[in-house]
Amino acid sequence: MRIIFAGTPEPAAVVLRRLVEGGEHEVVAVLTQPDAPRGRGRTVHPSAVAAVAAEYDLPVHKFPGLRDDDPREVLRALAADGAEAVAVVAYGTLIPADLLDVVPHGWINLHFSLLPRWRGAAPVQAAIAAGDAVTGATTFRIEEGLDTGPVLGTVTAPVTREDTADDLLTRLTYAGRDLMVETLTGLAEGTVVPRPQPDEGVTHAGKIRTADARIDWSRPAEVIQRTVRAHTPAPGAWTMLDGQRHKIGGVAVADPDAVGGTADAPAPAPGEIRVVDGRVLVGTGEGVLEVLTIQAPGKRMTDAAAWARGARALSGTSGSPARFETED
């Protein structure tokens, strides 16, 4: 099948490379977002998809949106030249309704959840934060609703207690790249039957904001641990200590006995920090967390024990214990 590929970030680049190198389908053109500033120097770079397309000398069209005349003319010309489908992975823009049928098989999206669960921009993070034991990837035909189109194929994957968003997205990307190939092949051969999504089980995963990654120490330890993993590496879970933001890179649910919990040594209050045998332990609304890595303002992410040895704030003020702030 002759296809157009539309995508922008690294996961999309992985899928594009698989499509090109596999040879089952012919990528005739690539759509991606315009070059953008990245890194500390904020120098302008092409998207990950544009970089892969350049490796294979594929025609690249860098459109920030598809409503203008130029992208419409390009798409209609590609369709007239035999393009049969658009494979989409995190392209980063909405598809106008009048372009959804510009090619015979439409726009085939790879979404990193088992639809209809976790429609929206951040399905991987949402699955981890909610404590889902299983998630996956879905290919579906895009329609006007947000991730509501008929399902063409799925692949499942477990969510472990150690998975960060980066870990899980990487696994789903490599499973999803093969799912995309299989879906396109099935469409070409007429063996894929679109299935409407059920009305039951619909959930939504909105775009992640930095505020969403703030740790609320009044929540149970298990919930906080999932919150940290869901926001690693970006935007990074964070908390406040003495008016300064600290990033939390890794945590583990600790045995409550490690910090007492008796009349003589009561359990720490939510956010209260205790250093026990070199371990940085923090009270929560239910249970205790061990902070494994932490990043102080202007510093690199470091081992929490090393941070505690050099953190004067841990002595507390006026005899009170040091404490990460809970949310207002």
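Computed from a prediction, not measured in an experiment: that's the story for all the values here.

On to the overall build of the chain, then. Looking only at helices and strands, the chain has seven helices and 17 strands in total. Its C-alpha atoms put the chain at 80 × 45 × 35 Å along the principal axes. In the chain, 66% of the contacts between residues at least 6 apart in sequence involve partners at least 24 apart. Summed over its atoms, the accessible surface of the chain is roughly 15700 Å², and 50% of this surface lies on carbon and sulfur atoms. The averaged location of the 43 negative side-chain charges in the chain is 6 Å from the averaged location of its 32 positive side-chain charges.

Right, let's get into helix H2 (residues 48-55). For H2, the complete set of buried residues consists of Ala48, Val49, Ala50, Val52 and Ala53. After H2 finishes, the residue Asp57 shows a positive phi value of roughly 55 degrees.

The next thing to look at is unusual backbone geometry. Residue Pro233 is bonded to the preceding Thr232 through a cis peptide linkage, with omega at 15 degrees. Structurally, Pro233 can be placed in the loop between helix H6 (221-230) and strand S12 (237-241). Residue Pro235 follows Ala234 across a cis peptide bond; omega there is -5 degrees. Take Pro235: it is sitting in the loop between H6 and S12.

The next thing to look at is the domain arrangement of the chain. If you check the domain split of the chain, you get domain 1 (2-205) and domain 2 (210-314). With centres defined by C-alpha atoms, the gap from domain 1 to domain 2 works out at 36 Å. With twelve residues of domain 1 at the interface, the matching set in domain 2 holds eight residues. The junction of domain 1 with domain 2 conceals about 850 Å² of combined surface from both sides, 47% of it contributed by carbon and sulfur atoms. The largest contributions to the domain 1 side of the interface with domain 2 come from Ile128, Ala129 and Arg161, which together make up 51% of the buried area. The tally of links between domain 1 and domain 2 comes to one salt bridge. We note a salt bridge from Glu222 to Arg161, for which the minimum N-O separation is 3.0 Å. Taken together, the connections running from domain 1 to domain 2 amount to nine residue pairs in polar contact (both at pLDDT 80 or more). When residues of the side of domain 1 that touches domain 2 are traced back to their parent elements, those giving at least two are helix H4 (123-130) and helix H5 (165-189). Considering every element that reaches the side of domain 1 that touches domain 2, the biggest residue donor is H4, with four residues. Broken down by class, the residue content of the side of domain 1 that touches domain 2 amounts to four nonpolar, four polar and four charged.

This next bit is on the pattern of salt bridges. A complete count under the given rule lists 17 salt bridges for this structure. The shortest N-O distance in the salt bridge between Arg18 and Asp178 comes to 3.1 Å. Pair noted here: Arg18 is in helix H1 (residues 10-22) and Asp178 is in helix H5, with a separation of 160 residues, a long-range link. The partly exposed category is assigned to Asp178, whose relative accessible area is 31%. One continuous salt-bridge network, built from bridges that share partners, spans Arg2, Glu26 and Asp81.

Turning next to the packing of aromatic side chains. Per the stated rule, a full pass over the model turns up two aromatic pairs. With 5.4 Å between their ring centres and 15 degrees between their planes, Trp217 and Phe324 make a pair best called stacked. Of this pair, Trp217 sits in the loop between strand S11 (204-205) and H6 while Phe324 is found in the segment after helix H7 (304-310), placing the two residues 107 residues apart along the sequence. Pairing Trp307 with Phe324 gives two aromatic rings, centres 6.4 Å apart and planes at 15 degrees, and the pair type is stacked. Separated by 17 residues along the polypeptide, Trp307 in helix H7 and Phe324 in the segment after H7 bring together distant segments of the chain.

The rules behind the values
Sequence order as written defines residue numbering, which begins from 1 separately in each chain. Only residues with pLDDT of 70 or above have their local features reported here, since the model is predicted, and side-chain atom pairs are shown and tallied only from 80 upward, although totals for entire chains, interfaces and linings are computed over all residues. Hydrogens are left out, water is left out, and the side-chain values use all remaining heavy atoms of the structure. Labels follow the DSSP assignment, with helices taken as runs of H or I lasting at least four residues and strands as runs of E lasting at least two, numbered in each case from the N terminus. Residue contacts are counted whenever heavy atoms from the two residues lie within 4.5 Å of one another. Surface accessibility in these figures is a Shrake-Rupley result with a 1.4 Å probe; residues are shielded only by whichever protein chains are displayed. His is not counted, nor are the chain ends; Lys and Arg add positive charge and Asp and Glu add negative charge. By convention, the charge on Lys lies at NZ, on Arg at CZ, on Asp at CG and on Glu at CD. A 1.4 Å probe rolled over the protein chains alone gives each residue an accessible area, and that area as a share of the maximum for its type sets the label: buried under 20%, exposed over 50%, partly exposed in between. Note: domain ranges come from an automatic or database domain assignment. Once two parts are brought into contact, the accessible area they lose, counted with a 1.4 Å probe and summed over both, makes up the buried area. Salt bridges are defined by distance alone: a side-chain nitrogen of Lys or Arg within 4 Å of a carboxyl oxygen of Asp or Glu. Polar contact criterion, stated in full: a pair of N or O atoms within 3.5 Å, where within protein one must be able to donate a hydrogen and the other to accept it, and residues adjacent in sequence count only if both atoms are side-chain atoms. As a working rule, the residues Ala, Val, Leu, Ile, Met, Phe, Trp, Tyr, Cys and Pro are called nonpolar, Asp, Glu, Lys and Arg charged, and the rest polar, with Gly in that last group. Aromatic contacts are taken between Phe, Tyr and Trp rings whose centres are within 6.5 Å, Trp giving its six-membered ring; a plane angle under 30 degrees counts as stacked, one over 60 as edge-to-face, and the others as tilted.

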